[in-house]
Amino acid sequence: MGKINVITIGREYASGGRLIGKIVSEALGIPLYNKEILHMAADRLDMSAEDIKYADETAASSLLYSMSLMTNISMGTTLPINDRIYIEEREVIKSIANQGPCVIVGRCADNILKEIRDDTLNVFIYSPQNARAKRAVDEYDIPQNEVYSVIRKHDKKRSTYYNLNTGQKWGAKDNYDLCLNSDSLGIDACAGLITKIVKDSAL
């Protein structure tokens, strides 16, 4: 791998992946994209935020997606909203990666860019469930008596979205260049390591 321009970050719920991405983007002076990608896709489809709210990390149909590629069928009402948004998100991710260095959190960006770019560092952030539960309660204000069910719900949502859209297994080490335990290493150390790898790649 030569110079790294794009960092993708997959993450377990409440593992601190989004915060790590933010620290890395600030350290490198490059933009961070997360939910902005969903809204950029919606703008391209002329949909409102309300229209697309429930489609956030909801799996599109891989069969319909494949059909759309093969037949170039209309992006109008032919496809369900989730499929239309995911297809457009792919184009948004490719576009922002082409615009220059950036950090992209989630959205299957690692898989989307893997086959078309060789300047991407794909990272997965994970953490033990008890550490994630503490973060969810302390920082996300999730009620203590609901926290473990919330974690399971979000992880299931993300894994289903990733697995169906990519045909790969969410969180499997073979899909990433770097897998980091944010509990044992710490948020700052994870961000620092990613930043160092990117800077060193330019030497």
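Everything that follows concerns the structure shown earlier in this document.
Just so it is clear, the structure is predicted and the values come from calculations on it, not from any experiment.

Cut-offs used in this document
- Residues numbered from 1 in each chain as written.
- Predicted model: local features only at pLDDT ≥ 70, side-chain atom pairs only at ≥ 80, totals over all residues.
- Heavy atoms only, no water.
- Buried < 20%, exposed > 50% of the residue type's maximum accessible area, 1.4 Å probe, protein only.
- Helix = DSSP H or I, 4+ residues; strand = E, 2+ residues; numbered from the N terminus.
- Pairing = 2+ DSSP bridges.
- Expected span 1.5 Å × (residues − 1).
- Arc of directions from axis to C-beta.
- Contact = heavy atoms within 4.5 Å.
- Core = buried A, V, L, I, M, F, W, Y, C linked by side-chain atoms within 4.5 Å.

Next up on the list: the pairing of strand 1 (residues 6-11). The two faces of the sheet receive side chains in turn, since in a regular strand these alternate between them. Counting buried positions along strand 1 gives six out of six residues, so the element sits mostly inside the fold. Here strand 1 shows two buried faces, one formed by Val 6, Thr 8 and Gly 10 and the other by Ile 7, Ile 9 and Arg 11. Taken together, the four bridges between strand 1 and strand 3 (residues 102-105) define a ladder with parallel strand orientation. Looking at strand 3, one finds that Val 6 is bridged to Cys 102. In terms of strand pairing, strand 1 meets strand 4 (residues 120-126) through six bridges, oriented parallel.

Another point: helix 1 (residues 17-28). Spanning twelve residues, helix 1 covers 16 Å between terminal C-alpha atoms, matching the ideal 16 Å at 1.5 Å per step. What helix 1 keeps buried is the set Gly 17, Ile 20, Gly 21, Val 24 and Ser 25. Along helix 1, the residues classed as buried sweep out an arc of 135° about the axis, all on the same side. The inward-facing, buried residues of helix 1 abut strand 1, strand 2 (32-33), strand 3, strand 4, helix 9 (182-185) and helix 10 (187-201).

As a rule of thumb, non-glycine residues mostly have phi less than zero, and peptide bonds are mostly trans rather than cis. Look at Ala 14: it is not a glycine, yet its phi comes out positive at around 65°. Here Ala 14 shows up in the loop between strand 1 and helix 1. Ala 14 gets classed as buried once you look at its relative accessible area, which sits at 5%. For Cys 108, which is not glycine, the phi dihedral falls at a positive 60°. Along the chain, Cys 108 turns up in the loop between strand 3 and helix 6 (109-114). Its relative accessible area of 3% is what places Cys 108 among the buried residues.

Soluble globular proteins: nonpolar side chains tend toward being buried together. In this structure, Ile 37, Ile 93, Ile 104 and Leu 113 are the most contacted members of the largest nonpolar core, which totals 20 residues. At five residues, helix 5 (residues 81-99) tops the list of elements feeding residues into this core. The residues touching Leu 113, leaving out its near neighbours within four places in the chain, are Val 6, Thr 8, Ile 93, Lys 94, Ala 97, Ile 104 and Thr 120. Counting residues in each nonpolar core, the second largest holds 18 residues, with Ile 4, Val 105, Leu 180 and Ile 187 among its members.

Let's shift gears to the sheet that holds strand 5 (residues 178-181). With parallel pairing, the five strands of this open sheet are ordered in space as 2-3-1-4-5. Here the strands that pair on one side only, and so sit at the sheet edges, are strand 2 and strand 5. Where strand 2 and strand 3 come together, two bridges link them in parallel fashion. When the bridges of strand 3 are listed, Tyr 33 appears paired with Ile 104.

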